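# Analysis of the macromolecular model
Given next are the chains, with one letter for each unit.
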Amino acid sequence: MQIFGVDIGGSGIKGAPVDLERGDLAQERFKVLTPQPATPDGVADSVKEVVEHYGWTGPVGITFPGVVTDGATIRTAANVDRAWIDTDARALLGDRLGGLPVTVVNDADAAGVAEMHFGAGQGRRGTVVLLTFGTGIGSALFVDGTLVPNTELGHLELHGHEAEKRASSKAKDDDDLTWEEWAHRVQQYLAHVEMLFSPELFIIGGGVSRKAHKFLHCIEGIKAEIVPAQLQNNAGIVGAAMRAGERG
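Scope of this entry: the structure provided in the associated data block. (Residues numbered from 1 in each chain as written. Predicted model: local features only at pLDDT ≥ 70, side-chain atom pairs only at ≥ 80, totals over all residues. Heavy atoms only, no water.)

## A few points about the overall build of the protein
This is how it is decided: Counting from the N terminus, the helices are DSSP H or I runs at least four residues long and the strands are E runs at least two residues long. All radius of gyration figures rest on C-alpha atoms, and the globule criterion is 2.2 Å times the number of residues raised to 0.38. Classification of residues uses two cut-offs on accessible area relative to the type maximum, computed with a 1.4 Å probe and protein chains only: under 20% is buried, over 50% is exposed, and between them is partly exposed.
Helix and strand counts for the protein stand at seven helices and 15 strands. A compact globule built from 248 residues would reach a C-alpha radius of gyration of about 18 Å, and the protein, at 17 Å, matches this within 12%. Structurally, the protein occupies a C-alpha span of about 50 × 40 × 30 Å along its principal axes. Sorting the 248 residues of the protein into buried and exposed places 57% on the buried side.

Okay, structure coming up:
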C-alpha cells in the first residue's frame with residue numbers, strides 16, 4: 001500500500017509516495033524551496049507543486065514545523081510565517097489539493113513515529129526522545145512506544161537562549177561552527193533534556209543524521225544511548241504517510 005507524504009520544513013518542502021509495508025519511499029523524493037515568507041498560501045502552493053509532480057490523487061499526509069492540534073489547527077509557527085497560527089491547515093491544504101484527504105501532523109512527531117516503527121526505535125520500550133536538527137530543533141517523546149504529541153523541546157531555555165537558536169543545524173551554519181564546536185552545544189542541550197526526561201535512548205534525526213560520524217563521537221557525559229535516525233531525513237515523509245494511512 002502506498003500513501004503520499006509531504007514534509008514541510010523551514011527551508012525546504014519535500015515529498016514522495018511511501019511504501020507503508022517497507023517504511024521507505026516508493027519513488028525518489030521531490031523537493032522545492034520553502035517560500036519566503038512562508039505564509040499559509042505560499043506554502044500550500046508549494047505543497048500542491050510537490051504532490052502534482054507525481055500526479056497523485058489519493059490520501060496525503062503532511063508534516064508541519066509546529067504544534068498541530070486535532071490533526072488540523074496550527075498553534076505555533078516558530079520557523080514559518082506567524083500567519084499560520086490558528087489556521088485550519090487540514091482544510092487549507094485539502095482545498096488546495098482539490099479535495100484530496102489530508103492528514104496534518106507535527107513534523108518531529110511524524111519522524112518519531114516512523115523511526116519507532118521502522119528505524120532506530122523499533123522494539124524499544126521505556127522513554128525514547130527523537131530530536132530533529134534542522135532550521136530549528138523538533139522533538140518527539142515516546143513512553144513504551146506511545147507518542148506524547150507536540151512536545152516542541154527545541155524551545156526549552158538553555159543558558160539564557162532558546163535551545164534551537166544555539167544548537168540547531170542552522171545555528172551551526174549561522175555561527176560558522178566546526179562539527180566539534182557544534183557537538184559541544186548539542187551535548188549541553190541533550191544533558192538538559194536528559195535531566196528533564198531521563199530517556200533510555202536519544203535518536204538524532206534531520207539532515208545531520210547522515211553525517212553522524214562527524215559529531216556523535218564528540219558528545220560525552222550523556223547516560224542515554226545516542227544513535228542516528230535510520231530513515232535519516234526521509235523519516236518525516238514516511239511518518240506523515242503512516243499517519244494518513246491510519247486515518248484511512
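## Digging into the packing of helix α1 (residues 40-53) against helix α2 (residues 89-96)
As a reminder, the rule being used: Fitting a line to C-alpha atoms yields each axis, with helices limited to the stretch in contact; the angle taken between N-to-C directions then spans 0 to 180 degrees. Should an angle lie under 35 degrees it is considered roughly parallel, over 145 roughly antiparallel, and from 65 to 115 roughly perpendicular; all remaining angles are considered oblique. Two helices that cross are described as forming a left-handed crossing if the nearer one is turned anticlockwise from the farther one by less than a right angle, and a right-handed crossing if clockwise. Here a residue-residue contact requires only that any non-hydrogen atoms of the pair lie within 4.5 Å. Polar here means any residue other than Ala, Val, Leu, Ile, Met, Phe, Trp, Tyr, Cys and Pro, which are nonpolar, and Asp, Glu, Lys and Arg, which are charged; Gly is therefore polar.
At a minimum axis separation of 9 Å, α1 and α2 run at an interaxial angle of 50 degrees. One element, α1, and the other, α2, form an angle in the oblique class. The way α1 lies across α2 gives a crossing that is right-handed. Across from Pro40, Asp41, Ala44, Asp45, Val47 and Lys48 in α1, the residues of α2 making contact are Leu92, Leu93 and Arg96. Split by residue class, the contact of α1 with α2 holds five nonpolar, no polar and four charged.

## Let's talk about the pairing of strand β8 (residues 102-106)
As a general feature of sheets, a regular strand has side chains that alternate between the two faces. Stated precisely, the cut-off is as follows: When DSSP locates at least two bridges between a pair of strands, those strands are taken to pair.
Summarising burial for β8: five of the five residues are buried, a large majority. As defined by bridge partners, strand β5 (residues 60-64) adjoins β8 across five bridges and the pair is classed as parallel. Its bridge partner being in β8, Val60 is matched across the sheet by Val102.

## Focus: helix α7 (residues 235-246)
Test applied: Every helix has an expected span of 1.5 Å times one less than the residues it contains.
Its 12 residues give α7 an end-to-end C-alpha distance of 16 Å, which sits within 8% of 16 Å, the value for a rise of 1.5 Å per residue. Counting buried residues along α7, nine of its 12 residues qualify, which places the element largely inside the surrounding structure. Among all positions in α7, only Ala235, Gly236, Ile237, Val238, Gly239, Ala240, Ala241, Met242 and Ala244 are buried. On its buried side, α7 packs onto β1 (2-8), β2 (12-19), β3 (24-25), β5, β8 and α3 (107-118).

## Details of unusual backbone geometry
In this model, Gln36 is joined to Pro37 through a cis peptide bond whose omega is 0 degrees. Tracing the backbone shows Pro37 in the loop between β4 (30-33) and α1. The phi dihedral of His159 falls on the positive side, at around 55 degrees, and the residue is not glycine. Position of His159 among the secondary structure elements: in the loop between β12 (157-158) and β13 (161-162). His159 gets classed as exposed once you look at its relative accessible area, which sits at 59%. Despite not being glycine, Asp176 shows a phi value in the positive range, around 55 degrees. Relative to the helices and strands, Asp176 resides in the loop between α5 (169-174) and α6 (179-197). By relative accessible area, Asp176 is classed as exposed at 65%.

## Notes on the environment of Glu200
How we decide: A 3.5 Å cut-off defines polar contacts: any pair of N or O atoms within that distance qualifies, except that in protein one atom must be a possible hydrogen donor and the other a possible acceptor, and neighbouring residues in sequence count only when both atoms are side-chain atoms.
Following the sequence through the fold, Glu200 ends up in the loop between α6 and β14 (201-205). Exposure remark for Glu200: the relative accessible area of 42% places this residue in the partly exposed category. As a C-alpha pair, Glu200 and Gly126 span 74 residues in sequence and 6.5 Å in three-dimensional space. The contact partners of Glu200, leaving out residues within four places of it in the chain, are Arg124, Arg125, Gly126, Thr127, Ala224 and Glu225. For Glu200, the side chain forms a polar contact with the main-chain nitrogen of Thr127, separated by 2.6 Å.

## Some words on the pattern of salt bridges
What counts is decided by this rule: The term salt bridge refers to a side-chain nitrogen of Lys or Arg lying within 4 Å of a carboxyl oxygen of Asp or Glu.
Inspection of the entire model under this criterion finds 10 salt bridges. Residue Arg22 pairs with Asp24 through a salt bridge whose shortest N-O separation is 3.6 Å. When its relative accessible area of 34% is taken as the criterion, Asp24 is described as partly exposed. Among the salt bridges present, the one from Arg243 reaches Glu246, with a minimum N-O distance of 2.9 Å. Of this pair, Arg243 and Glu246 are both found in helix α7, three residues apart, which corresponds to roughly one turn of the helix. For Glu246, a relative accessible area of 52% gives the class exposed. Each of Asp19, Arg22 and Asp24 takes part in a single network of salt bridges with overlapping partners.

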